[in-house]
Amino acid sequence: MYATTIRGTRYAFQDLKSLMAKAAPLRSGDCLAGIAAASAAERVAAQMALADLPLSTFLNEPLIPYEEDEVTRLIIDSHDAEAFAPIASLTVGGLRDWLLSDSATSATLTALAPGLTPEMAAAVSKISRNQDLIAIAAKCRVVTRFRDTIGLPGCLSSRIQPNHPTDDPKGILASAIDGLLLGAGDAVIGINPALDSPQRCYDLLRLIDDLRAKLDIPTQSCVLAHVTTTLRLIKQGAPVDLVFQSIGGTEGANRSFGIDLALLREAHAAALSLRRGTIGDNVMYFETGQGSALSANAHHGCDQQTLEARAYAVARAFKPLLVNTVVGFIGPEYLFDGKQIIRAGLEDHFCGKLLGLPMGCDACYTNHAEADQDDMDVLLTLLGVAGVAYVMGVPGADDIMLNYQSTSYHDVLAVRQTLNLSPAPEFAEWLKAMGLMNDRGLVRPEALPAPFAPLLTKA
Amino acid sequence: MAATPAEIDRQWASLRAATHARIGLPRAGSAIATQANLAFQLAHAEARDAVNDALDALALVDGLQSRGLRTVPLHSAARDRRAYLLRPDLGRRLDDASHDRLASLSSDYDIVFVIADGLSARATSHALPLLDEALPLLHRDAWKIGPICVAEQGRVAIGDEIGQLLAAKLVVVLIGERPGLSSPDSLGAYLTFAPRIGRTDAERNCLSNIRPAGMPYSQAAQRLAFLCTEARRRKLTGIELKDETPRAQYDHSLPETCRLPPRSE
């Protein structure tokens, strides 16, 4: 039982997960689950009680029992007590103040990450304003490598997402080339297949790998198929750079995705065995999103943001190259409008970075959410300021296969220009060599690069 | 200014034809030039309007009755659009008055059709022309067809309660799908054998993108009739029932990615 009294009114919270849920900034998914604060005052009361909570509570009182959930076991068993030691005596509120202080530098935050649990990160986020989420995340540095370097200071990478409703190779190639001409693709060229069949995914992998090889692009390719499909492709000798999988923050949510930790370990080992990375061996790519556990009815009464942070514990066990929240994809019953989507995007980026992940974001929305491209502009700009590792590049921001809106290749260029950010250094060199990037670092091609010409005519 | 140089632009032609994606857009500095930007804004505005449109249930009922079809107007437990968006569970159930109305009707049918607004009321304009093509195919095989139910603020699963109350062997929900930027009026057809409350999406079959610019009425009707016949013969719908009509291989329907929640749910 947790409680706080404000001017004579006593607010009681029956357990830790209830305290966390009621302290969460308003969002429709927690209301749908019936666990949100009943009033604005109760929410702040919960935040006050949470701020006074010793961090060590989270080590002694798992929100989801250790015996029932392998994600809890992963969190507890992999907790680094030595890294935790410098903040072991702090409360949640004390941790927020410390993170904002000048003692929290890029180096100390990197050292701290293995000592933080997802629940600690989630708790701090709940008592932080957007400004705090940005300022603290901007101090975190997480650098990963495969064929280029993701997450360096002053860099903003992007994924080319060249989806097509029938996986038409020519259509996909067209969207990918469009992205390259607009300076995108240094995080990954990643296709969501419309059909998760091994043959289809093999063909798409070959398509993108050929493109990469022909143009000698320092980036990696990925077909975002189910991990079992990718495992099969690896065994068949397909050119798999990265293993993709959607993941959640509970064992049940992961089961709904058709995975468990053992399967991810098997896939991780298989991808490492291919040794395709030239400058690093970060071979995993994960996507997450608030609300997935509730939609799988596997949320154990926990709020969606805490469970999202727990998904990052799953991710960090596999040293991924890329992790991104797909923040507005799930729909208005989980994140109702632009305000909720923006807040969630900043929380997810903050928690991921704090826990040591190369955090990216698919800033996006569906047409039944109260959101529009202006909201994505706000989120994208804030994430750029917060040091997001990468964002999405979708042709004209309109994904014609998944039927939602994200950020465009142009949006990435605009944010890079406004905030003076560069692509990954290896990729920037390639852009310059191709004549796609000028001396001022702007992508302003004056002619089609010669190596592209055969692609356009033959395709 | 417009920033794709003419030389690049010319060579784009063959590739641009291969996709509806917004590629090769003219630029203004780093941004998308005005015309293309406003084209996007218009597409989004149409999708938003489609989500917020109210279903003109009276007009739909008139259209059905003028064809001599029995109809029953119904409403889900979601009282308005906001409740519908925030509480998917309410859109899957009838309100009390609708429940009582259905319970008082005679029952026991081979098939019951439900027309629901879902996420695009304007998509229901495709329901009548689809039924015009599909019902003769079913009559040919002597199906006992129940009254056509028109459900406001309904989700796919509202068909489970309706089918259960009318003791239907098969329910077909014709419902407005989540609007895409270039498709504000896609109609979906969801088939559920032995409908009852609590059926899951894995127990349904779906035809998606029914509209003149997507899957035309006659093709949709043929495939619907095929699925209905197979469902009746095999006494099931869902992942074990595949659409094996010749056109099925060209289907643009529900992508099976792990990232995609069902479009109308």
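Report follows, based on the coordinates. (Residues numbered from 1 in each chain as written. Chains lettered and ligands numbered in written order. Predicted model: local features only at pLDDT ≥ 70, side-chain atom pairs only at ≥ 80, totals over all residues. Heavy atoms only, no water.)

Some details on the overall build of chain A
So, point 1. Helices and strands together make up the secondary structure of chain A, namely 22 helices and 14 strands.
So, point 2. Taking 459 residues into account, the globule formula puts the C-alpha radius of gyration at 23 Å, and chain A, at 22 Å, falls close to it.
So, point 3. Seen through its principal axes, chain A has C-alpha atoms that stretch 75 × 45 × 45 Å.
So, point 4. Expressed as a percentage of its 459 residues, the buried residues of chain A come to 65%.
So, point 5. Counting only contacts in chain A whose residues sit at least 6 apart along the sequence, the fraction spanning at least 24 positions is 78%.
So, point 6. For chain A, the accessible area works out to roughly 14,800 Å², and carbon and sulfur atoms hold 51% of it.
So, point 7. Counting 37 positive and 51 negative side-chain charges, chain A places the centres of these two groups 3 Å from one another. (Helix = DSSP H or I, 4+ residues; strand = E, 2+ residues; numbered from the N terminus. Rg over C-alpha atoms; globule rule 2.2 N^0.38 Å. Buried < 20%, exposed > 50% of the residue type's maximum accessible area, 1.4 Å probe, protein only. Contact = heavy atoms within 4.5 Å. Areas by Shrake-Rupley, 256 points an atom, 1.4 Å probe, with all protein chains shown as cover. Lys, Arg positive; Asp, Glu negative; His and termini not counted. Charge placed at Lys NZ, Arg CZ, Asp CG, Glu CD.)

Regarding the pairing of strand 5 (residues 157-160) of chain A
In summary, the side chains of a regular strand alternate between the two faces of the sheet.
Residue and element names in this part refer to chain A.
So, point 1. The two faces of strand 5 match: S157 and R159 on one face and S158 and I160 on the other face are all buried.
So, point 2. The pairing of strand 5 with strand 6 (residues 188-191) spans two bridges and is classified as parallel. The partner of R159 across the bridge, within strand 6, is V188.
So, point 3. In this fold, the crossover linking strand 5 to strand 6 by way of helix 11 (residues 169-181) has right-handed handedness. (Pairing = 2+ DSSP bridges. Right-handed = clockwise from strand over helix to strand, strands pointing away.)

Focus on the pairing of strand 7 (residues 187-193) of chain B
All names here are of chain B.
So, point 1. The buried count for strand 7 comes to seven of seven residues, which makes it a mostly enclosed element.
So, point 2. Residues L187, A189, L191 and F193 of strand 7 are buried on one face, and the alternating residues G188, Y190 and T192, pointing to the opposite face, are buried as well.
So, point 3. Two elements, strand 6 (residues 168-176) and strand 7, share seven bridges in a ladder whose sense is antiparallel. Bridging from a neighbouring strand, I175 pairs with G188 of strand 7.
So, point 4. Bridge count for strand 7 against strand 8 (residues 204-210) is five bridges, and the pairing is antiparallel. Paired with Y190 across the bridge in strand 8 is C206.

Points about the environment of S78 of chain A
Residue and element names in this part refer to chain A.
So, point 1. As for its placement among the helices and strands, S78 is situated in the loop between helix 5 (70-77) and helix 6 (81-84).
So, point 2. Residues S78 and R275 lie 197 residues apart in sequence; the distance between their C-alpha atoms is 26 Å.
So, point 3. Reaching out from S78, the side chain makes a polar contact with the backbone oxygen of L74 at a distance of 2.5 Å. (Polar contact = N/O pair within 3.5 Å; in protein donor to acceptor, adjacent residues only side chain to side chain.)

What to know about the interface of chain A and chain B
So, point 1. Contacts between the two partners involve 63 residues from chain A and, on the opposite side, 48 residues from chain B.
So, point 2. Here chain A packs against chain B, burying approximately 4,700 Å² in sum over the two surfaces, 59% of which is carbon and sulfur.
So, point 3. Considering only the side of chain A, the residues that lose the most area to chain B are N367, H368 and H410 of chain A, jointly responsible for 15% of the buried surface there.
So, point 4. Counting across the chain A and chain B interface gives two salt bridges. (Buried area = accessible area lost by both parts, 1.4 Å probe. Salt bridge = Lys/Arg side-chain N within 4 Å of Asp/Glu carboxyl O.)

Here's the deal with unusual backbone geometry
All names here are of chain A.
So, point 1. In the Ramachandran plot, N297 falls in the positive-phi region, its phi being about 55 degrees despite a non-glycine side chain.
So, point 2. Structurally, the position occupied by N297 is in the loop between helix 16 (292-295) and helix 17 (304-316).
So, point 3. A relative accessible area of 66% means that N297 is categorised as exposed.
So, point 4. Not every positive phi belongs to a glycine, and N403 is a case in point at roughly 60 degrees.

A look at the nonpolar core
So, point 1. Counting residues in hydrophobic clusters, the biggest one holds 158 residues, and the most contacted among them are L50, I177, L180, Y285, W430 and F452 of chain A.
So, point 2. Residues contacting Y285 of chain A, with those up to four places away along its chain left out, are R159, V188, C222, L224, L242, V243, F244, Q245, L322, N324, Y390 and M392 of chain A.
So, point 3. Counting residues in each nonpolar core, the second largest holds 42 residues, with I111, A134, W143 and V172 of chain B among its members. (Core = buried A, V, L, I, M, F, W, Y, C linked by side-chain atoms within 4.5 Å.)

Some remarks on the side chain of T71 of chain B
Residue and element names in this part refer to chain B.
So, point 1. By the element assignment, T71 lies in strand 3 (residues 71-75).
So, point 2. For T71, a relative accessible area of 15% corresponds to the buried category.
So, point 3. Within the structure, T71 has its side chain in polar contact with the side chain of Q65 (distance 3.2 Å).
So, point 4. Residue contacts for T71: discarding those within four places in its chain leaves V61, L64, Q65 and I148.

Some details on empty space enclosed by the protein
All names here are of chain A.
So, point 1. According to the stated counting rule, one finds four cavities of 30 Å³ or more in the structure shown.
So, point 2. Its boundaries defined by the atoms lining it, the second largest cavity holds a volume of some 90 Å³.
So, point 3. Elements supplying a minimum of two residues to the lining of the second largest cavity: helix 16 and helix 17.
So, point 4. A total of four residues in the lining of the second largest cavity trace back to one element, the largest contributor, which is helix 17.
So, point 5. Tallied by class, the residues present in the lining of the second largest cavity amount to six nonpolar, nine polar and two charged. (1 Å grid on protein atoms, 1.4 Å probe; cavity = no way out; pocket = protein on both sides within 12 Å on 5 of 7 lines; lining within 4 Å. Points joined across faces, edges and corners; volume = space filled by probe spheres on them. Nonpolar A, V, L, I, M, F, W, Y, C, P; charged D, E, K, R; others polar.)

Observations concerning helix 7 (residues 127-140) of chain B
So, point 1. The end-to-end C-alpha separation of helix 7 of chain B is 20 Å, in line with the 20 Å expected for 14 residues at 1.5 Å each.
So, point 2. A maximum bend of about 30 degrees is found in helix 7 of chain B at E133 of chain B, where proline P136 of chain B lies one to four positions downstream. (Expected span 1.5 Å × (residues − 1). Bend = angle between axes of the 7 residues up to and from the residue.)

Regarding the pattern of salt bridges
So, point 1. Across all of its chains, the model carries 31 salt bridges over all chains by this definition.
So, point 2. The shortest N-O distance in the salt bridge between D117 of chain B and R81 of chain B comes to 3.9 Å. Of this pair, D117 of chain B sits in the loop between strand 4 (109-116) and helix 7 while R81 of chain B is found in helix 4 (residues 81-86), placing the two residues 36 residues apart along the sequence. R81 of chain B matches D117 of chain B in its accessibility class, with the two residues each being buried.
So, point 3. Among the charged side chains, a salt-bridge network with shared partners connects R147, D209, R212, D241 and R276 of chain A.

This is a description of form; function is not addressed.
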